[in-house]
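Descriptive structure summary
What follows is the residue order along each chain.
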Amino acid sequence: DAGVIQSPRHEVTEMGQEVTLRCKPISGHNSLFWYRQTMMRGLELLIYFNNNVPIDDSGMPEDRFSAKMPNASFSTLKIQPSEPRDSAVYFCASSFVRGTYEQYFGPGTRLTVT
Amino acid sequence: AQKVTQAQTEISVVEKEDVTLDCVYETRDTTYYLFWYKQPPSGELVFLIRRNSFDEQNEISGRYSWNFQKSTSSFNFTITASQVVDSAVYFCALIPRGQNFVFGPGTRLSVLP
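The paragraphs below set out a description of the structure included in this document. (Residues numbered from 1 in each chain as written. Chains lettered and ligands numbered in written order. Predicted model: local features only at pLDDT ≥ 70, side-chain atom pairs only at ≥ 80, totals over all residues. Heavy atoms only, no water.)

**Focus: unusual backbone geometry**
Residues and elements named next belong to chain A. Cis rather than trans, the peptide bond between S7 and P8 has omega equal to -10°. Summarising the element assignment, P8 is placed in the loop between β1 (5-7) and β2 (10-13). Each neighbour pair has its own omega, and for Q80 with P81 the value is -5°, a cis peptide bond. At N51, a residue that is not glycine, the phi angle is positive and equals roughly 50°. (Helix = DSSP H or I, 4+ residues; strand = E, 2+ residues; numbered from the N terminus.)

Structure representation (structure tokens):
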């Protein structure tokens, strides 16, 4: 079985540019999560979707961040414009039932904004 | 308030030693779930185990074992006969029922040859 797929694995961009991160959850999972991991703040939940609907985006740091889930098999996290402090590893995770079952994480996208 | 504490920031052991990673959690919910994840140097987060609050049985999986004690709000993880491949950051996490993950800060384990 394929796990959670994320692309790209690495992204280097200049400040001010738009960045789009992509995620394909595990088939059959109905909850999808976007996390950010930094040394200073650890793992932070940015937003999660249930049945493709955004439920809680209170973790999204600023209006520069947006996320969509147009269908059950695809989600994007966009940063526009990007800033150096956005540099982090961004993880996508999916689970069968939010709040009960384990989440399976993708390999992450390491974003560097210069 | 929901919180997970992993007091050990870093641990170093020599291969074949046993090592225990501590996890203490706080929640007012009576139904909750506890997890351990491993993050090796390659960066991915690997699910290891899930326990629910009503099941205090200890679990053993190969060299891994978990000790869940509600009386002390602890969910400790022991690796027996550690190996270099066990070197990773280990996260303990809590899900109060119907809510989102609360992750601990992680414990970095280094197993030296």
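Structure shown, so let's carry the discussion forward.
**Section: the packing of aromatic side chains**
Two aromatic rings are characterised by how far apart their centres lie and by the angle between their planes. Taken as a whole and judged by the stated rule, the model has 24 aromatic pairs over all chains. A ring pair is formed by F35 of chain B and F101 of chain B, whose centres lie 4.9 Å apart and whose planes are at 70°; its orientation type is edge-to-face. With a gap of 66 residues between them, F35 of chain B in strand β5 (residues 32-39) and F101 of chain B in the loop between β10 (88-96) and β11 (102-103) connect regions that are remote in the sequence. Here the two residues F35 of chain B and F101 of chain B agree in accessibility, since each one is buried. Through a chain of ring-to-ring contacts, three or more aromatic side chains come together here, namely F33, Y35, Y48, F91, Y104 and F105 of chain A together with F35, Y37, F47, F91, F101 and F103 of chain B. (Phe/Tyr/Trp six-rings, centres within 6.5 Å; stacked < 30°, edge-to-face > 60°. Buried < 20%, exposed > 50% of the residue type's maximum accessible area, 1.4 Å probe, protein only.)

**Quick notes on the state of the cysteines**
Among covalent bonds in proteins, the disulfide is the one between the sulfur atoms of two cysteines. Residues and elements named next belong to chain A. By the definition in use, this model includes two disulfides over all chains. Disulfide partner of C23: C92, at an S-S distance of 1.9 Å. On the S-S bond that ties C23 to C92, the torsion sits near -65°, and the link is left-handed. Of the two residues, C23 sits in strand β3 (residues 19-24) while C92 sits in strand β9 (residues 88-95), which places them 69 residues apart along the sequence. As far as burial versus exposure is concerned, C23 and C92 are alike and both buried. (Disulfide = S-S within 2.5 Å.)

**Some points on the pattern of salt bridges**
With the rule as written, the count across this model stands at 12 salt bridges over all chains. The partner of R50 of chain B in a salt bridge is E102 of chain A, and the shortest N-O contact between them spans 3.9 Å. Placement of the pair is R50 of chain B in strand β6 (residues 46-52) and E102 of chain A in the loop between β9 and β10 (104-105), with the two residues belonging to separate chains. Owing to a relative accessible area of 27%, R50 of chain B belongs among the partly exposed residues under this scheme. Its relative accessible area of 14% is what places E102 of chain A among the buried residues. The closest approach of N and O atoms between R51 of chain B and D55 of chain B, which form a salt bridge, is 3.2 Å. Taken together, the shared-partner salt bridges connect E62, R64, E83, R85 and D86 of chain A into one network. (Salt bridge = Lys/Arg side-chain N within 4 Å of Asp/Glu carboxyl O.)

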